[in-house]
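# Inside the fold
Here is how the chains run, residue by residue.
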Amino acid sequence: MRGAFEKGTLLLSLRKARFRPLDALIILACLALVAFVAYRVIYRLEYRANWAAIPQYLFRRDADTGRLVPNYLIEGLVTTLRLSVWATLLALLVGAVVALLRTSRSLFLRLVGSSYVEIVRNLPPLVLIFIFYFFAVDQIMPLLGVEAFVASRSPGALRVIAFFAADRSLLTQFVSGVITLAFFEGAYFAEILRAGIESIERGQREAAYSLGLSPLDEMRFVVMPQVIRRVLPALANEFVNTVKYSSIASIVSIQELTFMGRQVVVATRAIFETWITVSLMYMTLTLTLSLLTGHLESRLRRRG
């Protein structure tokens, strides 16, 4: 019965997805816009494209082994992905704490959580990045003792750290960037989790209380398993947003994709070619993550 219903829904959606004259008009308008931009760039700006300069900044041939190894742009893309993954994990932790504060019975805790969220959401991201990055470098990093920790590691441990995070010489900047992005994204994760917590029916929490569960056990065994199921697609979508927001970290010399793109522009003067390539790399990454997010959402919907 359920399979027949899903098949009928799919057939109905296919019937609706027809190519209409308006679709053709929109496609022609987009092509005309692309042609106009290309005309202005080539003939009005007298810009000579140099696409041949870009591939060498994607991969280069190692002088010792003769193999192709990642160069600036690919290294920047990998750093962007690492930065986004670690920042998302830390932002999820920050968001969970703030969401619990915002749903607490204590007025003071609710005010603390609300103040954090409102400050982050109502200030420009670039300003926050500057403020918190230099605060993290001057105050948080010495407390964490990252440099001393790295100095005491073995060469094998340093290779593992470089694979999952960054090279030894760049680890301090990388950790600072992760903390900065997590601080910024934590407010949005907090709102997603807060909405999920408040969506749980009051009767379930009352039943947990009547069974003698402590507030911690109630949150752990009753509320959060349902919250994660309900908000997981939104959290996955926010991960995609974190990838895009990671480009702001280039302002504070984090060597991610945008930063590396600027270095390539300086070296080649191939402005349009470089930024179009960087845009396509971002788009490939975010579209892949968006498709995975949509697939995850569909699976959760079918199971629900």
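Thresholds applied
Residues numbered from 1 in each chain as written. Predicted model: local features only at pLDDT ≥ 70, side-chain atom pairs only at ≥ 80, totals over all residues. Heavy atoms only, no water. Salt bridge = Lys/Arg side-chain N within 4 Å of Asp/Glu carboxyl O. Helix = DSSP H or I, 4+ residues; strand = E, 2+ residues; numbered from the N terminus. Buried < 20%, exposed > 50% of the residue type's maximum accessible area, 1.4 Å probe, protein only. Core = buried A, V, L, I, M, F, W, Y, C linked by side-chain atoms within 4.5 Å. Contact = heavy atoms within 4.5 Å. Phe/Tyr/Trp six-rings, centres within 6.5 Å; stacked < 30°, edge-to-face > 60°. Patch = residues over 30% accessible without salt bridge, like charges linked within 9 Å, V, L, I, M, F, W, Y side chains within 5 Å. Areas by Shrake-Rupley, 256 points an atom, 1.4 Å probe, with all protein chains shown as cover. Axes fitted to C-alpha atoms, helices over the stretch in contact; angles between N-to-C directions. Parallel < 35°, antiparallel > 145°, perpendicular 65-115°, else oblique. Left-handed = near helix turned anticlockwise from the far one by under 90°. Nonpolar A, V, L, I, M, F, W, Y, C, P; charged D, E, K, R; others polar. Polar contact = N/O pair within 3.5 Å; in protein donor to acceptor, adjacent residues only side chain to side chain.

Inspection of the entire model under this criterion finds six salt bridges. Between Glu 191 and Arg 121 there is a salt bridge, with its nearest N and O atoms 3.8 Å apart. Of this pair, Glu 191 sits in helix α8 (residues 171-198) while Arg 121 sits in helix α4 (residues 107-121); the two residues are 70 residues apart in sequence, bridging distant segments of the chain. Among the residues examined, Arg 121 registers a relative accessible area of 37% and is labelled partly exposed. As a salt-bridge pair, Glu 201 and Arg 230 come within 3.6 Å of each other at their nearest N and O atoms. Residue Glu 201 is found in the loop between α8 and α9 (202-210), and its partner Arg 230 is found in helix α10 (residues 215-245); the two are separated by 29 residues along the sequence. Taking relative accessible area as the criterion, Glu 201 reaches 40% and is therefore assigned partly exposed.

Counting 21 residues, the largest nonpolar core has Leu 83, Val 146, Leu 171, Phe 174, Val 175 and Ile 254 as the members making the most contacts within it. Residue assignment for this core shows that the elements contributing at least two residues are α3 (72-102), α5 (125-144), α6 (146-151) and α8. By residue number, the principal contributor to this core is α8, which donates six residues. Contacts of Ile 254, omitting those with residues within four sequence positions, involve Leu 83, Tyr 133, Gln 173, Phe 174, Gly 177, Ala 249 and Phe 259. Judged by nonpolar contacts, the second largest core, of 13 residues, contains Ala 91, Leu 193, Ile 197 and Val 227.

Moving on: the environment of Gly 186. Among the secondary structure elements, Gly 186 is positioned in helix α8. Expressed as a C-alpha distance, the spacing of Gly 186 and Leu 89, which sit 97 residues apart in the sequence, is 9.7 Å. If we skip the residues at most four places from it in the chain, Gly 186 touches Ala 91, Val 94, Gly 95 and Tyr 116.

Right, let's get into the packing of aromatic side chains. If you walk through the whole model with that rule in mind, you get seven aromatic pairs. Taking 6.1 Å as the distance between ring centres and 20° as the angle between the ring planes, the aromatic pair formed by Tyr 57 and Tyr 72 counts as stacked. Of the two residues, Tyr 57 sits in the loop between α2 (21-44) and β1 (59-61) while Tyr 72 sits in helix α3, which places them 15 residues apart along the sequence. Given a relative accessible area of 37%, Tyr 72 falls into the partly exposed group.

Turning our attention to a nonpolar patch on the surface. Nonpolar side chains collect at one region of the surface, where Trp 51, Ile 271, Phe 272, Ile 276, Leu 280, Met 283 and Leu 287 lie side by side and expose about 660 Å² of accessible area between them. Within the fold, Trp 51 resides in the loop between α2 and β1.

What follows deals with the packing of α3 against α10. To characterise two packed helices, one gives the angle between the axes of the helices and the distance between these axes. Interaxial distance between α3 and α10 falls to 11 Å at its minimum, and their mutual angle equals 140°. Relative to α10, the element α3 is oriented oblique. Regarding α3 and α10, the two cross each other, and that crossing is right-handed. Contacts between α3 and α10 pair Thr 80, Ser 84, Val 85, Ala 87, Thr 88, Leu 92 and Leu 100 from the former with Met 219, Leu 235, Phe 239, Thr 242 and Val 243 from the latter. Residue composition of the contact of α3 with α10, grouped by class: eight nonpolar, four polar and no charged.

Once that is clear, we can look at the side chain of Ser 84. Position of Ser 84 relative to the elements: it lies in helix α3. Overall, Ser 84 belongs to the buried group, its relative accessible area being 0%. Here the side chain of Ser 84 touches Thr 80 through a polar contact of 2.7 Å, landing on its backbone oxygen. Among all residues touching Ser 84, those that are not within four sequence positions of it are Phe 239, Thr 242, Val 243 and Ser 246.

On to unusual backbone geometry, then. Even without being a glycine, Arg 269 presents a positive backbone phi close to 60°. Looking at where Arg 269 falls in the secondary structure, it is placed in the loop between α11 (257-268) and α12 (271-303).

To continue, consider the packing of α3 against α8. Their axes nearest at 5 Å, the elements α3 and α8 cross at an angle of 45°. As summarised for this structure, α3 and α8 are arranged oblique, according to the angle between their axes. Considering the relative orientation of α3 and α8, their crossing is right-handed. Residue composition of the contact of α3 with α8, grouped by class: 20 nonpolar, five polar and five charged.

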